[in-house]
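# Structure assessment
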Amino acid sequence: MSLSRDVPLGTGLRYRGKGGQLSFVLHRIGGLGMAIFVTMHIVASFFGGEIGGFLNDIYENWFFQIFVFFSALFHAINGLRITLLDLWPRLWEHQQEAVWLQWAVFIPIFGIAVYAILSSAFGG
Amino acid sequence: MATKPRTLPLTRRGLNFEMFMWLFTRLSALAMYALILFAVIGALIMGARNQMSFADILRWGFMPNPSHVQSTEVPALEPWATPFWAITASLLLLLAVAHGVHGLVVITDDYITSNRGRLIVRWLSIALTISMSLMGLYLLWQDFLFPAG
């Protein structure tokens, strides 16, 4: 019962699905980012020692912090949009507006967080 | 002109494992928003608004474990290190692991389409769920289980 729908990643990225498609791709990247971070964090805390220190150095890096915050915030806001629209399916008619609203919530919060991470990383 | 509905009525759809996990993904997301908000409100009640930065409150919110507030200005750690918060953190951990591992399986299913590959992914996902849950629970409960260490 193997399904024959394996679309290469490149084709998937070129699919023109407007804002919803971008959200879909970023939702996956964000989910993967959080899975990687949470796994690293649990392993680092559990084993401690040199392994823990090595992993700690990776995720305390400012670039990784921005990536993880992007992952958590985008995944949370996009997930809330999907959940709300799925609970009231008639709202899917307005999904394009929902995507715009989602970016309007995301951009200011993410901007402030990036400013805070960078200013503490570079002694602002 | 009456168009034929494209979806089956709820009563005839049945509930298989994939359908259950589709629902679980959404309900666990709502539960995690609630638990994080709950932990943030708890932190504010326990005095965080005077002693902690917003980033520290968020660290506590995402996983209400006392090790996340140890390095802050909180004078007494006792109210933070209770079984009540360990239970809250355990709920958040187990929901997050189940939600996250299922998400990883959904992603790999888009690229791994052979029956054998998908079976391997499922065994790996079960191993990941169990190991992450046990390691996380140990970290959350170690102070209660082994008070001396």
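Residues numbered from 1 in each chain as written. Chains lettered and ligands numbered in written order. Predicted model: local features only at pLDDT ≥ 70, side-chain atom pairs only at ≥ 80, totals over all residues.

## A short note on the environment of Val68(A)
Residue and element names in this part refer to chain A.
- Position of Val68 among the secondary structure elements: in helix α4 (residues 62-87).
- A C-alpha to C-alpha distance of 17 Å links Val68 and Phe24, two positions 44 residues apart in sequence.
- Once you skip the residues sitting within four places of it in the chain, Val68 turns out to touch Gly33, Phe37 and Tyr59. (Helix = DSSP H or I, 4+ residues; strand = E, 2+ residues; numbered from the N terminus. Contact = placed C-beta atoms within 7 Å.)

## So, the packing of helix α2 (residues 17-51) of chain B against helix α4 (residues 83-111) of chain B
Residue and element names in this part refer to chain B.
- At a closest axis distance of 9 Å, the pairing of α2 and α4 adopts a crossing angle of 145°. Of the two elements, α2 crosses α4, and the hand of that crossing is left-handed. Only Thr88, Leu91, Leu92, Leu95, Ala96, Ala98, His99 and His102 of α4 make contact with α2, whose side of the interface consists of Met21, Thr25, Ser28, Ala29, Ala31, Met32, Leu35, Phe38 and Ala39. (Axes fitted to C-alpha atoms, helices over the stretch in contact; angles between N-to-C directions. Left-handed = near helix turned anticlockwise from the far one by under 90°.)

## With respect to the confidence of the model for chain A
- With 91% of its residues at a pLDDT of 70 or more, chain A has an overall mean of 87.
- Averaged pLDDT values for the elements of chain A fall to 72 in helix α1 (residues 9-14) of chain A and rise to 93 in α4(A). (pLDDT = per-residue confidence, 0-100.)

## Side note on helix α5 (residues 115-145) of chain B
- In this model α5(B) runs 42 Å from its N-terminal to its C-terminal C-alpha over 31 residues, within 8% of the 45 Å that 1.5 Å per residue would give.
- Among all positions in α5(B), only Met132(B), Gly136(B) and Leu140(B) are buried.
- Buried residues along α5(B) sit against α2 (18-47) of chain A together with α4 of chain B. (Expected span 1.5 Å × (residues − 1). Buried ≥ 20, exposed ≤ 12 C-beta atoms within 10 Å, placed from the backbone.)

## Quick look at the interface of chain B and chain A
- Taken together, the contact between chain B and chain A spans 17 residues of the former and 15 residues of the latter.
- At the level of secondary structure, the elements contributing two or more residues to the side of chain B that touches chain A comprise α2, α4 and α5 of chain B.
- Residues of the side of chain B that touches chain A, tallied by class, amount to 10 nonpolar, 6 polar and 1 charged. (Nonpolar A, V, L, I, M, F, W, Y, C, P; charged D, E, K, R; others polar.)

## Focus on the packing of α2(A) against α4(A)
Residue and element names in this part refer to chain A.
- One way to put it is that α2 packs onto α4 with a least axis distance of 8 Å and a crossing angle of 125°. Classified by the angle between their axes, α2 and α4 sit oblique to one another. Note that α2 runs across α4; the crossing there is left-handed. Residue-level inspection shows Ser23, Leu26, His27, Gly30, Gly31, Gly33, Met34 and Phe37 of α2 in contact with α4, the latter providing Phe67, Val68, Phe70, Ser71, Ala72, Phe74, His75 and Asn78.
- Partitioned by chemical class, the residues of the contact of α2 with α4 number 8 nonpolar, 8 polar and no charged. (Parallel < 35°, antiparallel > 145°, perpendicular 65-115°, else oblique.)

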